[in-house]
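Listed below, chain by chain, are the residues.
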Amino acid sequence: MGLFNELSCYGKLMDALMRIKSGDFQSMEAGRMQFLDEAAPLLSTEPGLDTLMLLAPHLDESLLFLGRPWENPSALNPSLVHGTLKAGGRSFVFEALSNLRMLSIALGQYKVNNVSPFSAKKFLNEAVAQNIDCLFPTETEEARIKGNENEGKIALLYNYLLKHLSPLGLLDKILQEIEKLTVQRPIMTDKIVTLIHSGIKLCEQMNGMPGEFQVFARAVRTDVPVWGEIPGKELILACREMGEEMQATGLVSTRHCHLIQFLNRENPDLLPAAFGLSETGEQRFRSCQKEISLLIDTSIRTGTRQGIYGLACLMDRPDFQDALVYTLCKMPEIQPSRKIASRIKDAYSCGEEMVQPYIMSGMIQLLGLPLGVGQGYNPTCQSTRALSYWSQKNPLFLMDRYTETITKGYLELEFEGKPISSLYLSPVDLNQSIPLDPVSVVLIPHLHAIYAEMINRAIGRGEDVHKWINPAYYHLGVLEGFAQREKRPDFDLLFSSYYYPGNIFLEAWLPQPAGIIIYDSKGEPLGAHAILIQRIAKDQDGHSRVYFYNPNNDSMQTWGKDMVTSIAGNGEKPGEASLPFGQFLTCLYAFHYPL
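The present account deals with the structure reproduced in this document. The shown structure was predicted, so the numbers you read here are calculated from the model rather than taken from an experiment.

### As for the nonpolar core
Inference 1: Among the nonpolar cores identified, the biggest contains 86 residues, and Phe-275 and Leu-387 are the most heavily contacted of them.
Inference 2: Counting residues per element, this core draws most heavily on helix H23 (residues 438–458), which supplies 10 residues.
Inference 3: When sequence neighbours within four positions are dropped, the list of residues in contact with Leu-387 reads Leu-366, Val-373, Leu-398, Val-439, Ser-440, Leu-443, Ile-444 and Leu-447.
Inference 4: Ranked by size, the runner-up nonpolar core spans 69 residues in total, among them Met-28, Met-53, Ile-132 and Ile-196.

Laid out in structure tokens, this is it:
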């Protein structure tokens, strides 16, 4: 596009803005559509974006955004930017123009009373940081075929924004996002790894890497030395360093994976150091060394390397002995049904030789990180919660159901004395746009189908169906009493009388399933959600808090006006979220209690 064309477009766009501002409703809409249609081609080139930036200060006064979601820049949410851009069409154009308006504010070219340049820069940094992978799109045939048609324009827009923002400021946002996710110790780390790689590329543009980012950069190293040629003292030091860094980040590098495999073959005495084990973990390693060697052999490959961290965490479990170890070590003998093997291969784009390692590493990770399992983009919070619950309270039952589903291709649970088999139901297809762990890939379709059938059988009884479903679905350990807010005038008092810090009787029964309602900033209910109450304790300031497991992949969320869940800094264990007791009670609508 030449200079003449750009000037011509500028003139047409100004005419359209004047038409929006000065006309009646019909003329305003026609002018708005004219402007969007003229602006759309300009979003495909950097000179075009320059032209639109000249217009950015005039968009509000011309009423372009009037009556649209972008009308008030102070009310915009950076986490919604990418989804709207990806939607394409005129929504893409509106969102792109809104971002250019925000950039104009950030650069001081346009003043808005309720948005400072600092706030505008923060908004844009967060929007780009949350979608940093779009700055560096994958150049593969698969990406070309499956990619969204707007991906090139999205990358151009983000790079344009980045050019006018501070790369260091953006790297800070990326680092914050990485730290927020790693502290929750998820089983699936794809997003974290993508953020780290994008941060590395950003550092290359800056010709330097901040010290606090280096530990994460080392977590994605793929260079592998010939470990057998490393002198003894250097090898011991490498084991300690990698073990400590894995424990600090929850991430396993390809380099670390090859080290574990080497040590398992040649020098198993160094494995505790390479796992970063505590004294307790090392004692369990020594007592089960043969079994752990088998687990490494059957589960750990480059593609399943996160299983190393799961195994390290598993060795810290008090019940990592006897029946649990024996059952886990019998799993390599099971033969997956063709249906389940195909599902694993599709989920992880792997060959037949990787089916067993994924099956094994998946269970190892879930047992080691029971709070790290997430539902992704699937409406399966009940079923994902069940996996975490069983992993914590009934691991043998979990492994039995896993083995049953893998070998038979279906699952059977009981409800009120009658079996429900997924063989006769319609297991759901999973949305894997957020990758799922292997146990979820195997079990969730069947669990969700059975859960839906339990609802069909329990509905119409005049109370929340979970009064009957939870004790059956979760099998053992659910407290018999069930309180529903709308049915119990003493709901708050009842909860407070059982769920308080130091109630030793209740602690023996935790975690317990509970239902919460999430509210928007105006206090309007958005919907119900299933969680596990993990514990009630006082934080470092002496305030009572409820600590819980949230099946959503990112547990740091807004649950209502001035109500943001905490994931660190208030006494949370890895994978827990928490709220002050009173705020949690505001959201609680159903819980179990002892009779």
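Additional details are given in the paragraphs that follow.
### With respect to unusual backbone geometry
Inference 1: The residue after Leu-510, namely Pro-511, is reached through a cis peptide bond having omega 0°.
Inference 2: Secondary-structure assignment places Pro-511 in the loop between helix H26 (504–507) and strand E4 (512–519).
Inference 3: Positioned with a positive phi, Arg-185 is a non-glycine residue whose angle comes to about 50°.
Inference 4: Note that Arg-185 resides in the loop between helix H9 (167–182) and helix H10 (190–206).
Inference 5: Even without being a glycine, Glu-416 presents a positive backbone phi close to 55°.
Inference 6: For Glu-416, the position within the fold is in the loop between strand E1 (412–415) and strand E2 (418–421).

### Some thoughts on the packing of aromatic side chains
We describe a pair of aromatic rings using the distance from one ring centre to the other and the angle between the two ring planes.
Inference 1: This model, assessed by the stated rule, comprises 17 aromatic pairs.
Inference 2: Ring centres of Phe-591 and Tyr-593 lie 6.0 Å apart, and the angle between their planes is 55°; this geometry places the pair in the tilted category. Taken individually, Phe-591 and Tyr-593 each receive the classification buried, so the pair is uniform in this respect.
Inference 3: Taken together, the ring pairs connect Phe-491, Phe-495, Tyr-498, Tyr-499, Phe-548, Trp-559, Phe-581, Phe-584, Phe-591 and Tyr-593 into an aromatic cluster.
Inference 4: The ring of Phe-65 is capped by Arg-101, whose NZ or CZ atom sits 4.2 Å from the centre of that ring.
Inference 5: Its guanidinium or amino end placed over the ring of Phe-397, Arg-401 lies 4.6 Å from that ring's centre, counting from NZ or CZ.

### Section: the packing of H9 against H10
Helices that pack against each other are described as a pair by the angle of their axes relative to one another and the distance between those axes.
Inference 1: Taken N-terminus to C-terminus, the directions of H9 and H10 make an angle of 160°; their axes are 10 Å apart at the nearest point. Considering their axes alone, H9 and H10 lie roughly antiparallel with respect to each other. Relative to H10, H9 is oriented so that their crossing is left-handed. Listed contacts from H10 to Pro-167, Leu-168, Leu-170, Leu-171, Ile-174, Glu-177, Ile-178, Leu-181 and Thr-182 of H9 are Lys-191, Ile-192, Leu-195, Ile-196, Gly-199, Leu-202, Cys-203 and Met-206.
Inference 2: Per-class residue counts for the contact of H9 with H10 are 13 nonpolar, two polar and two charged.

### Here's the deal with the pattern of salt bridges
A side chain of one charge can pair with a side chain of the opposite charge when the charged atoms of the two come close.
Inference 1: Using the criterion set out here, one finds 23 salt bridges in the structure.
Inference 2: A salt bridge links Asp-319 to Arg-317; the shortest N-O distance between them is 2.9 Å.
Inference 3: Since its relative accessible area comes to 11%, Arg-317 is described here as buried.
Inference 4: A salt bridge links Glu-416 to Arg-461; its shortest N-O distance comes to 2.9 Å.

### Re the pairing of strand E6 (residues 544–549)
Inference 1: Where burial is concerned, most of E6 is hidden: five out of the six residues are buried.
Inference 2: Note: strand E5 (residues 525–538) against E6, six bridges, orientation antiparallel. Residue pairing for E6: Ala-537 is matched across the bridge by Arg-545.
Inference 3: Hairpin remark: E5 followed by E6, antiparallel, with five residues in the connecting loop; positive phi at Gly-542, about 85°.

### With respect to helix H17 (residues 307–314)
Inference 1: Burial of H17 is extensive: eight of the eight residues sit out of reach of the surface.
Inference 2: Of the positions making up H17, those classed as buried are Gly-307, Ile-308, Tyr-309, Gly-310, Leu-311, Ala-312, Cys-313 and Leu-314.
Inference 3: Check the buried side of H17 and you find it contacts helix H12 (232–249), helix H13 (254–266), helix H14 (271–275), helix H16 (289–299), helix H18 (322–330) and helix H20 (355–368).

### Some remarks on the side chain of Arg-255
Inference 1: Take Arg-255: it is sitting in helix H13.
Inference 2: With a relative accessible area of 18%, Arg-255 lands in the buried category.
Inference 3: The residues touching Arg-255, leaving out its near neighbours within four places in the chain, are Arg-221, Asp-223, Val-224, Pro-225, Trp-227 and Met-242.

### A word on the state of the cysteines
Between two cysteines, a covalent bond joining their sulfur atoms is known as a disulfide.
Inference 1: Across all of its chains, the model carries zero disulfides by this definition.
Inference 2: Considering cysteine sulfurs only, Cys-257 is the nearest to Cys-239, which forms no disulfide, with 14 Å between them.
Inference 3: For Cys-239, a relative accessible area of 0% puts it in the buried group.
Inference 4: Cysteine Cys-381 shares no disulfide, and the gap to the nearest cysteine sulfur, in Cys-587, comes to 15 Å.

### Let's talk about the sheet that holds strand E9 (residues 577–580)
Inference 1: Ordered by their spatial adjacency, six strands build an open sheet running E3-E10-E4-E5-E6-E9, and the pairing between neighbours is antiparallel. The open sheet terminates on both sides in strands that have one partner only, identified here as strand E3 (481–484) and E9. On average, each strand axis in the sheet is tilted by 30° relative to the strand beside it, whichever way the strands run.
Inference 2: Relative to strand E10 (residues 588–593), helix H24 (residues 466–473) is tilted by about 50°, and along the sheet it contacts E3, E4 and E10.

Here is what the cut-offs are and how they apply
Residues numbered from 1 in each chain as written. Predicted model: local features only at pLDDT ≥ 70, side-chain atom pairs only at ≥ 80, totals over all residues. Heavy atoms only, no water. Core = buried A, V, L, I, M, F, W, Y, C linked by side-chain atoms within 4.5 Å. Buried < 20%, exposed > 50% of the residue type's maximum accessible area, 1.4 Å probe, protein only. Helix = DSSP H or I, 4+ residues; strand = E, 2+ residues; numbered from the N terminus. Contact = heavy atoms within 4.5 Å. Phe/Tyr/Trp six-rings, centres within 6.5 Å; stacked < 30°, edge-to-face > 60°. Lys NZ or Arg CZ within 6 Å of the ring centre and 35° of its normal. Axes fitted to C-alpha atoms, helices over the stretch in contact; angles between N-to-C directions. Parallel < 35°, antiparallel > 145°, perpendicular 65-115°, else oblique. Left-handed = near helix turned anticlockwise from the far one by under 90°. Nonpolar A, V, L, I, M, F, W, Y, C, P; charged D, E, K, R; others polar. Salt bridge = Lys/Arg side-chain N within 4 Å of Asp/Glu carboxyl O. Pairing = 2+ DSSP bridges. Disulfide = S-S within 2.5 Å.

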